[in-house]
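Notes for the structure review
One-letter residues, chain by chain:
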Amino acid sequence: MLSKLDNAPEMQLRELRQQYFNLSEADDAIRKVIYAQLDDAPLRLLDTTSGLLCDREAQICAFKLSTEYKELLSLIIKHADIRTQRIKEVVSFYFRCVMLSHMWRGKEPLLHDIKNKVVYELNPVDGIGKLQSFCKTVRDMSYRWAWIDTCCIDQKNNVELQKSLNSMFDWYYHSALTIVYLADVPALSKSGALTRSAWNTRGWTLPEFLAPKIVLFYQSDWTLYLDDCSCNHKESFIIMGELENATGVDAHALVTFRPGMAGAREKLRWASTRVTTVQEDVAYSLFGIFGIHLPVIYGEKKQNALGRLLQEIVAQSGDITALDWVGKSSEFNSCLPADISSYKTPPCALPSLSEDDIQTSVSRIQSAVDIDVALKFYSLLDNLGTPRFANRRLHLPCIAFLVTEVRRSYAQDQEAFFAYQVKASALHDLVITTQDKLTRFSRTKSTLQTFLLVRPWDPHLLELPDLADNAMDNWSVRESMFQDVLSIFSGETGPIDSQSHSRALRLIVRLGQPFDAFLLARQHSGEYKRIASDCNIVAQVREVAGSVHKMHVRTLEIS
């Protein structure tokens, strides 16, 4: 181009210069779209036409040599007003990527095994055969780019590994297609074979299926499962039914899943039966499901990795359901479990009140409750903060009940657990089983150690609007409700007093219902530790109308 500019007449020179600048501008416009497109794609991809592993620059070079690029460049130069959307369509179609979800078996090819080599020319032993079949399947479906976790990540590069594990959910989400390879499902299998596949038990396969919009299942001979030739097996009622039975994940959630903190306890239950080869992956595999980005620190051990994940869930969402588990306490923090399997037991199904039940209970207790005390109690709870972690210590807003007696119970099997009869101020007596040996005491035999049964505070009990929805309107409602309470204390009367009374009394009724409790033991340093139990501790306030003054609103530090 430059030599033409040196030797051309003046008119031709201007035309060539304009063409040169148009060409440069067009290339810049395309390049910007390419970089935006590849932001949501893996760092390395397998080119299924050549069989070579390509980094970002190699992918871009391949595109610039393609017919698609040349046609797009020509179109932009001829039509300067071409919409960016058209460029995006061409670029996104070219860079469509197919991801693989599979189980690692035996010797899988790593990056150094295929780098600068043609995959199709390698000896098809061990995982190489699977890699070749995957690339051929993708190529035969007219997709150029493919990705597999075995050899498309440099496992020895910590920076790349960090980025890959934190981005993997997004990569699967933005994939054009995800192929699930079921190595243990033979050809011509009947319905039900998917349910029995070990693929359902692996930690990483959960996000690999939840993230993508389009999924196809392949049997061990690389034929479609159930000979289902539809374009998306997520739309198959039969296949999704099998997955629901195998995983315990609702079929609707399997198809419509979105990452985030909503339903944290249920998502943890999904993961509770899954296993990973590397112990820390039990936590790392869940980062994308919760939309969390955290450092990947292989060698930190499972409890630390899981502890960091759960700490972040509680800190970001304020959701205390992640604290609802049975089993063994973590060394990271005693309010967190040592193992993901502690979430396998569903939350205790506590009885719920209908609106008629609440109204009836309010009518029954209103003459027995000191309304000023109830209003102040409501305000106190309304001003509680959210749960937070600092230096691995949980600061937990709660309602605390002082334990007044702990006696050993010999009525149950004592081989693995100790059973204790526990009495607490304002609560019905209960039996707690735990692996921990507790100090026994009573009103006549005191102890220096303090025990508490606590109800972690759930602000939904206040029945306030969700500030996450329509924040301005709800803030006005919240402010109005606050003014209602102030009017009570200032002696004003009117219909608004009735609303405040009702809210306070409804709260008292709800606090009288059974709840999941934590048993805490005070340590010499002042903080508390949770005493883990082998089953849910279900407590209930005795005569709630007269027990408000025995419910202590506190924020406790738990290590």
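See above for the structure.
Described below are features of the structure shown in this document.

Comments concerning the nonpolar core
I30, L46, W147, F217 and F290 are the most contacted members of the largest nonpolar core, which totals 123 residues. Once residues within four sequence positions are removed from consideration, L46 is found in contact with L52, L53, I114, V119, L131, C135, R144, W145, A146, I148 and C152. Judged by nonpolar contacts, the second largest core, of 47 residues, contains I432, L505, V541 and A545.

Topic: the pattern of salt bridges
A full pass over the atoms with the stated rule returns 17 salt bridges. In this structure, E355 engages R506 in a salt bridge whose closest nitrogen and oxygen atoms are separated by 2.7 Å. Linking E355 in helix α16 (residues 355–365) with R506 in helix α19 (residues 495–511), this pair joins segments that are 151 residues apart in sequence. Taken together, the shared-partner salt bridges connect E355, E463, R506 and R510 into one network.

Points about helix α7 (residues 127–140)
Taking 1.5 Å as the rise per residue, α7 with 14 residues should run 20 Å; its terminal C-alpha atoms sit 20 Å apart, in good agreement. Summarising burial for α7: ten of the 14 residues are buried, a large majority. Turning to α7, its buried residues are G127, I128, G129, K130, L131, Q132, F134, C135, T137 and V138. Next to the buried residues of α7 lie β1 (45–47), β3 (97–101), α6 (111–114), β4 (145–147), β5 (177–181) and β6 (215–218). One or two positions beyond α7, positive phi appears at S142, with a value near 70°.

Regarding unusual backbone geometry
Excluding glycine, most residues fall at negative phi; most peptide bonds, likewise, are trans. Here the phi dihedral of W222 falls at roughly 65°; this positive angle occurs in a residue that is not glycine. Within the secondary structure, W222 sits in the loop between β6 and α10 (237–247). Among the residues examined, W222 registers a relative accessible area of 13% and is labelled buried. For R392, which is not glycine, the phi torsion reads 70° and is therefore positive. Its place among the elements puts R392 in the loop between β7 (388–390) and β8 (393–409). With relative accessibility at 39%, the residue R392 sits in the partly exposed group.

Looking at the sheet that holds β5
Spatial ordering of the open sheet is given by β2-β1-β4-β3-β5-β6, a layout of six strands whose pairing is mixed. In this open sheet, the two strands that pair with only one neighbour each are β2 (52–54) and β6. Across the sheet, the axes of successive neighbouring strands diverge by a mean angle of 30°, strand direction being ignored. With two bridges joining them, β1 and β4 adopt antiparallel strand pairing. Within β4, the position partnered with D47 by the bridge is W145. Each of β1, β2 and β4 touches helix α3 (residues 56–64); the most contacted strand, β2, lies at about 105° to it.

Definitions and limits used
- Residues numbered from 1 in each chain as written.
- Predicted model: local features only at pLDDT ≥ 70, side-chain atom pairs only at ≥ 80, totals over all residues.
- Heavy atoms only, no water.
- Core = buried A, V, L, I, M, F, W, Y, C linked by side-chain atoms within 4.5 Å.
- Buried < 20%, exposed > 50% of the residue type's maximum accessible area, 1.4 Å probe, protein only.
- Contact = heavy atoms within 4.5 Å.
- Salt bridge = Lys/Arg side-chain N within 4 Å of Asp/Glu carboxyl O.
- Helix = DSSP H or I, 4+ residues; strand = E, 2+ residues; numbered from the N terminus.
- Expected span 1.5 Å × (residues − 1).
- Pairing = 2+ DSSP bridges.
- Axes fitted to C-alpha atoms, helices over the stretch in contact; angles between N-to-C directions.

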